[in-house]
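Coordinate inspection notes
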Amino acid sequence: MTFPEKVDYVIVGAGIHGLSTAWHFAVKLKARGKCDGSKIVVIDKDSIAAGASGIACGVVRNNYYQPAMRELMTLCVDVWESDAKNLHYHNVGYMQISPKCMEEDVAEIFAQQ
Ligand SMILES: Cc1cc2nc3c(=O)[nH]c(=O)nc-3n(C[C@H](O)[C@H](O)[C@H](O)COP(=O)(O)OP(=O)(O)OC[C@H]3O[C@@H](n4cnc5c(N)ncnc54)[C@H](O)[C@@H]3O)c2cc1C
């Protein structure tokens, strides 16, 4: 694409967060009748998914200790499960191996899940 000379919104970084921000922002602006997304540009010093997003293992795990993270992961899983076939989502569960000092925390996370 040709680089626009003027845009209203610039998002720096074309990893999963930058692209997700751009997409959700475009949806919100469109809903408010402000623009159709064409005024948002995502720029990257390298290319799309050049950073961590391009090398992530593809695992959606929900064994974080912070309750807010688990809530976020639950919402993510809802998205993945909404179209599991096309998104290639396979729910396989997980096995966690931890040192003894983490056992209580791991049990607490499991109970909260
Ligand atoms: C080996 C590995 C495995 C992982 N596995 C998983 C997993 O299985 N499941 C999971 O949920 N998470 C996983 N993660 C974590 C996950 O990949 C990251 O949390 C996520 O990709 C971060 O996305 P991001 O958009 O914030 O950053 P990035 O994907 O790193 O994107 C940042 C972008 O910004 C660009 N950029 C940086 N500086 C500038 C600048 N000055 N100007 C312009 N562009 C710039 C970079 O080129 C890059 O494209 C893994 C991470 C790694 C490293």
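Scroll up to find the structure.
Below: a short report on this structure. These numbers were taken from a predicted model, which means no experiment stands behind them.

Section: the nonpolar core
The nonpolar side chains of a soluble globular protein tend to be buried with one another. Ile11, Ala22, Ala26, Leu29, Cys35 and Ile40 form the largest nonpolar core, which has six residues in total. Per element, the largest residue contribution to this core is three residues, and it comes from helix α1 (residues 16–31).

Observations concerning the pairing of strand β1 (residues 9–12)
Bridging between β1 and strand β2 (residues 40–43) involves four bridges; their strand directions are parallel. Its bridge partner lying in β2, Ile11 is registered against Val42. Of the crossover connections in this fold, the one passing from β1 over α1 to the parallel β2 is right-handed.

So, the site of the ligand
Near the ligand lie 17 residues; those nearest to it are His17, Asp44, Ala52, Ser53 and Val59. The backbone of Ala52 places a nitrogen or oxygen atom 3.0 Å from an oxygen atom of the ligand. Contact distances for the ligand include 2.6 Å between a nitrogen atom and a backbone N or O atom of Val59. Class assignment of the residues belonging to the shell around the ligand gives a composition of eight nonpolar, seven polar and two charged.

Comments concerning the packing of aromatic side chains
Under the defined criterion, the tally for this structure stands at two aromatic pairs. Both rings, one in Tyr9 and one in Phe25, keep their centres 4.7 Å apart while their planes meet at 85°; by these two values the pair is edge-to-face. Note that Tyr9 is positioned in strand β1 and Phe25 in helix α1, a separation of 16 residues in sequence. When its relative accessible area of 29% is taken as the criterion, Tyr9 is described as partly exposed. For Phe25, a relative accessible area of 30% corresponds to the partly exposed category.

So, the side chain of Arg70
Note that Arg70 resides in helix α2 (residues 67–82). Summary of buried charges: Arg70 has no salt-bridge partner, and the nearest side chain of opposite charge, Glu108, is 6.1 Å away. Once residues within four sequence positions are removed from consideration, Arg70 is found in contact with Asn62, Tyr64, Tyr65, Ile109, Gln112 and Gln113.

A look at the pattern of salt bridges
Evaluated as defined, the whole model comprises two salt bridges. For Lys6, the salt bridge goes to Asp8, with nearest N and O atoms at 3.6 Å. Given the relative accessible area of 67%, Lys6 is considered exposed. A salt bridge links Lys100 to Glu103; the nearest nitrogen and oxygen atoms lie 3.4 Å apart. With relative accessibility at 65%, the residue Lys100 sits in the exposed group. Looking at Glu103, the relative accessible area reads 44%, which means it is partly exposed.

About the criteria used
- The residue numbers shown here count from 1 along each chain, following its written sequence.
- This being a predicted model, a pLDDT of at least 70 is required before a residue's local features are given, and a value of 80 or more before pairs of side-chain atoms are given or counted; all residues contribute to the totals for chains, interfaces and linings.
- Note that the side-chain values use all heavy atoms of the structure and ignore hydrogens as well as water.
- Throughout, nonpolar core names a set of buried Ala, Val, Leu, Ile, Met, Phe, Trp, Tyr and Cys residues whose side chains join them through atoms within 4.5 Å.
- With a 1.4 Å probe rolled over the protein chains alone, any residue whose accessible area is under 20% of its type maximum counts as buried; one over 50% counts as exposed, and the rest are partly exposed.
- Each helix corresponds to a stretch of at least 4 residues labelled H or I by DSSP, and each strand to a stretch of at least 2 residues labelled E; elements are numbered beginning at the N terminus.
- When DSSP finds two or more bridges between a pair of strands, those strands are recorded as paired.
- The crossover handedness rule: strands pointing away from the viewer, path from first strand over the helix to second strand clockwise, crossover right-handed.
- Here a residue counts as near a molecule or strand whenever at least one of its heavy atoms sits within 4 Å of it.
- Nitrogen and oxygen atoms within 3.5 Å of one another constitute a polar contact, given that in protein one can donate a hydrogen and the other can accept it, and given that sequence-neighbouring residues count only through two side-chain atoms.
- Classes in brief: Ala, Val, Leu, Ile, Met, Phe, Trp, Tyr, Cys and Pro nonpolar; Asp, Glu, Lys and Arg charged; the others, Gly included, polar.
- Between 30 and 60 degrees the pair is tilted, below 30 it is stacked and above 60 it is edge-to-face, where a pair is any two Phe, Tyr or Trp rings, Trp via its six-membered ring, whose centres lie within 6.5 Å.
- In summary, the charge assignment counts Lys and Arg as positive and Asp and Glu as negative, without counting His or the chain termini.
- Should a side-chain nitrogen of Lys or Arg be within 4 Å of a carboxyl oxygen of Asp or Glu, the pair is scored as a salt bridge.
- Here, residues are in contact when the closest pair of their heavy atoms is within 4.5 Å.

Keep in mind that these numbers describe shape and distance, not what the molecule does.
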